[in-house]
Amino acid sequence: MKRKGLLKILSFAVVMIGMSVLFTSCDTDDYWYDGPGWNDGSFYDPDLGGYWELVQVNSMNAEGYEKNYLFFNGRGRGTYYFWENGRRYVEDTYYDCQYSNSGTSDYQINLRYGNGRPTTMNYWFTHGGNTLWLQWRDYGRVKTYVYDRINRAPW
């Protein structure tokens, strides 16, 4: 009788250990993100908080698969919603802001996508804070993306 009770306890222990190993997740996405202050003088701009829909790329309306969406949580993390090869994707983002002396805007955002691509962009707001302008240089050419504030991303 004692042996049967001990066997039950050991079986239960093995199952619990196995479950703890199976249901433990490892978050390796953050290895390249240093958190607040990856740049000197960095901060989180609360005006960026919320969802944004891409409406223009270099003065041309964004249509169809060109559309993408950004979400900023106000504390350095967010989400990038985008199309690739006709399929919808979602990617974590990390960001912080800093003051800019570029002459284009007063602020810059340092945005890192989940795949590790870092980008530093000038940004500013129009239309009462409901339109976000992002501008940066890509291979020597100026790119300007315009986003409008929305309630939520479509997926």
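A brief report on the enclosed structure follows. All figures in this text were calculated on a predicted structure; none of them were measured in a lab.

## Examining the packing of aromatic side chains
At step 1: Under the criterion given, the structure shown has 19 aromatic pairs.
At step 2: Ring plane angle 65° and centroid distance 5.0 Å describe the contact between Trp136 and Tyr145, whose orientation is recorded as edge-to-face. Each of the two residues, Trp136 as well as Tyr145, counts as buried.
At step 3: By the ring-pair criterion, three or more aromatic residues cluster together here, those being Tyr51, Tyr65, Tyr69, Phe71, Tyr81, Trp83 and Trp155.

## Regarding the environment of Ser59
At step 1: Here Ser59 lies in the loop between strand E1 (50-57) and strand E2 (60-61).
At step 2: Along the sequence, Ser59 and Lys143 sit 84 residues apart, while their C-alpha atoms lie 9.6 Å from each other.

## As for the side chain of Ser105
At step 1: Locating Ser105 in the fold gives a position in the loop between strand E5 (87-99) and strand E6 (107-113).
At step 2: Side-chain polar atoms of Ser105 contact the backbone oxygen of Tyr107, separated by 2.7 Å.
At step 3: Setting aside chain neighbours within four positions, we find Ser105 in contact with Ser100, Asn122, Tyr123 and Trp124.

## Brief notes about the pattern of salt bridges
At step 1: Evaluated as defined, the whole model comprises two salt bridges.
At step 2: Of the charged contacts in the structure, one is a salt bridge between Lys67 and Glu53, with a shortest N-O distance of 3.4 Å. Taken together, the residues Lys67 in the loop between E2 and strand E3 (69-72) and Glu53 in strand E1 connect sequence positions 14 residues apart.
At step 3: The exposure class of Lys67 is buried, given its relative accessible area of 17%.
At step 4: One salt bridge connects Lys143 with Asp138, and the closest N-O pair in it is separated by 3.6 Å.
At step 5: A residue is classified by how much of its surface remains accessible, and Asp138, at 27% relative accessible area, is partly exposed.

## Overview of the layout of surface pockets
At step 1: In this structure, the largest pocket spans a volume of roughly 240 Å³.
At step 2: In this structure, the largest pocket is lined by 15 residues; those nearest its centre are Tyr113, Thr119, Met121, Trp136 and Tyr145.
At step 3: Elements with a contribution of two residues or more to the lining of the largest pocket: E6, strand E7 (118-126), strand E8 (131-138) and strand E9 (141-150).
At step 4: A per-element tally of the lining of the largest pocket places E8 first, with four residues.
At step 5: Residue composition of the lining of the largest pocket, by class: 10 nonpolar, two polar and three charged.

## Describing the pairing of E1
At step 1: Counting buried residues in E1 gives six out of eight residues, a clear majority hidden from the surface.
At step 2: With four bridges joining them, E1 and E3 adopt antiparallel strand pairing. What sits directly across from Trp52, in E3, is Leu70.
At step 3: Looking at chain direction, E1 and E9 are connected through six bridges and run antiparallel.

## Section: the nonpolar core
At step 1: Leu48, Phe72, Ile109, Leu132, Leu134 and Tyr147 are the most contacted members of the largest nonpolar core, which totals 21 residues.
At step 2: Contributing elements (two or more residues each) for this core: E1, E3, strand E4 (77-84), E5, E6, E7, E8 and E9.
At step 3: In this structure Ile109 touches Leu48, Phe72, Tyr95, Asp96, Cys97, Thr119, Thr120, Met121, Tyr123 and Leu134, once residues within four positions along its chain are discounted.

Cut-offs used in this document
Residues numbered from 1 in each chain as written. Predicted model: local features only at pLDDT ≥ 70, side-chain atom pairs only at ≥ 80, totals over all residues. Heavy atoms only, no water. Phe/Tyr/Trp six-rings, centres within 6.5 Å; stacked < 30°, edge-to-face > 60°. Buried < 20%, exposed > 50% of the residue type's maximum accessible area, 1.4 Å probe, protein only. Helix = DSSP H or I, 4+ residues; strand = E, 2+ residues; numbered from the N terminus. Polar contact = N/O pair within 3.5 Å; in protein donor to acceptor, adjacent residues only side chain to side chain. Contact = heavy atoms within 4.5 Å. Salt bridge = Lys/Arg side-chain N within 4 Å of Asp/Glu carboxyl O. 1 Å grid on protein atoms, 1.4 Å probe; cavity = no way out; pocket = protein on both sides within 12 Å on 5 of 7 lines; lining within 4 Å. Points joined across faces, edges and corners; volume = space filled by probe spheres on them. Nonpolar A, V, L, I, M, F, W, Y, C, P; charged D, E, K, R; others polar. Pairing = 2+ DSSP bridges. Core = buried A, V, L, I, M, F, W, Y, C linked by side-chain atoms within 4.5 Å.

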